[in-house]
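# Topology and contacts: notes
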Amino acid sequence: MKILVMNGPNLNMLGIREPAHYGRETYEDLLALIRRHAEETGVEVSFFQSNHEGALVDAIQQAYFDKVDGIVINPGAYTHTSVALLDAVKSVSIPTVEVHISKVEEREDFRQVSYIRLACVKTITGKGFAGYLEGMDFLKALAEGEAGDGC
Ligand code: DQA
């Protein structure tokens, strides 16, 4: 099973940006954690991070041609603004889990909207880096026909 883990704008700044919300661990620490989990669970994982909306759309489209089985995505601020990312996920019909490190539902009003959520099989918020691993496990279970409720 092939899973693509995607991160949007400013997530390359993990460890530096707003540690009260996102912790002190870096983007490289996140990748190492995910790589280890992928090995342990027998999943093939690849990564993509960009600060640019169009580059994220391109990567979602490429996932279709690369026959990716599932996407875990933290779209960062594009969560709250991007119809293009929503349409990209709808275009490829790849099961996609939306992840947020922070508990977005307890933050500013403008973070209460998520466009991409409309095309996602599950949303995970406020679990730190562990949310990405939970998203991977959910996609694996889904592929094996064992996933429960996505909410
Ligand atoms: C975030 C939450 C977003 O509102 C914010 O713009 C981010 C990170 C999170 O992981 O909690 O960049 O997606």
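As a starting point, this report considers the structure included with it.

Thresholds applied
- Residues numbered from 1 in each chain as written.
- Predicted model: local features only at pLDDT ≥ 70, side-chain atom pairs only at ≥ 80, totals over all residues.
- Heavy atoms only, no water.
- Helix = DSSP H or I, 4+ residues; strand = E, 2+ residues; numbered from the N terminus.
- Rg over C-alpha atoms; globule rule 2.2 N^0.38 Å.
- Buried < 20%, exposed > 50% of the residue type's maximum accessible area, 1.4 Å probe, protein only.
- Contact = heavy atoms within 4.5 Å.
- Areas by Shrake-Rupley, 256 points an atom, 1.4 Å probe, with all protein chains shown as cover.
- Lys, Arg positive; Asp, Glu negative; His and termini not counted.
- Charge placed at Lys NZ, Arg CZ, Asp CG, Glu CD.
- Near = heavy atom within 4 Å.
- Polar contact = N/O pair within 3.5 Å; in protein donor to acceptor, adjacent residues only side chain to side chain.
- Nonpolar A, V, L, I, M, F, W, Y, C, P; charged D, E, K, R; others polar.
- Phe/Tyr/Trp six-rings, centres within 6.5 Å; stacked < 30°, edge-to-face > 60°.
- Pairing = 2+ DSSP bridges.
- Axes fitted to C-alpha atoms, helices over the stretch in contact; angles between N-to-C directions.
- Patch = residues over 30% accessible without salt bridge, like charges linked within 9 Å, V, L, I, M, F, W, Y side chains within 5 Å.
- Salt bridge = Lys/Arg side-chain N within 4 Å of Asp/Glu carboxyl O.

### A look at the overall build of the protein chain
For the protein chain, the count of helices and strands is 5 helices and 5 strands. The N-to-C order of helical and strand elements in the protein chain reads β-α-α-β-α-β-α-β-β-α. Compactness check: the protein chain gives a C-alpha radius of gyration of 14 Å against a globular reference of 15 Å for 151 residues, within 12% of the reference. Each principal axis of the C-alpha atoms in the protein chain carries an extent, and together these give about 35 × 30 × 30 Å. Put simply, the protein chain has 151 residues, and 46% of those count as buried. Excluding contacts between residues fewer than 6 apart, the proportion of contacts in the protein chain whose partners are at least 24 apart in sequence is 74%. Put simply, the protein chain shows about 7500 Å² of open surface, and 50% of that area lies on carbon and sulfur atoms. The centroid of the 14 positive side-chain charges in the protein chain is displaced by 2 Å from the centroid of its 22 negative side-chain charges.

### Some points on the site of the ligand
Close to the ligand lie Arg 17, Tyr 22, Asn 74, Gly 76, Ala 77, His 80, His 100, Ile 101, Ser 102, Val 104 and Arg 111, which account for all nearby residues. At a separation of 2.7 Å, an oxygen atom of the ligand approaches a polar side-chain atom of His 80. At 2.8 Å, a side-chain N or O of Arg 111 approaches an oxygen atom of the ligand. Protein coverage of the free-state accessible area of the ligand, which is 320 Å², stands at 98%. A breakdown of the residues in the shell around the ligand according to their chemical character gives 4 nonpolar, 5 polar and 2 charged.

### Some details on the packing of aromatic side chains
The tally for this structure, following the rule as stated, stands at 1 aromatic pair. Centroid distance Tyr 64 to Phe 65: 5.2 Å. Interplanar angle 90°. Geometry classified as edge-to-face.

### Some details on the sheet that holds strand β5 (residues 122–125)
Judged by pairing direction, the sheet is parallel, and its 5 strands sit side by side in the order β2-β1-β3-β4-β5 without closing on themselves. The open sheet terminates on both sides in strands that have one partner only, identified here as β2 (44–49) and β5. Neighbour-to-neighbour, the strand axes of this sheet turn through a mean angle of 20°, independent of strand direction. Here strand β1 (residues 2–7) runs beside β2; their pairing, made up of 6 bridges, is parallel. If you follow Lys 2 over to β2, its bridge partner there is Glu 44. Those strands touched by helix α3 (residues 53–65) are β1, β2 and β3 (70–74), and its axis lies near 175° from that of β1. Here helix α5 (residues 130–143) sits on the sheet and contacts β1, β2, β3, β4 (96–100) and β5; the angle it forms with β3, its principal contact strand, is near 160°.

### Topic: the side chain of Ser 50
Along the chain, the position of Ser 50 falls in the loop between β2 and α3. Engagement of the side chain of Ser 50 in a polar contact is seen with the backbone nitrogen of His 52, the distance being 2.9 Å.

### Digging into a nonpolar patch on the surface
Residues Val 83, Val 113 and Tyr 115 make up a contiguous nonpolar surface patch of about 220 Å² in total accessible area. Relative to the assigned elements, Tyr 115 resides in the loop between β4 and β5. For Tyr 115, a relative accessible area of 31% corresponds to the partly exposed category.

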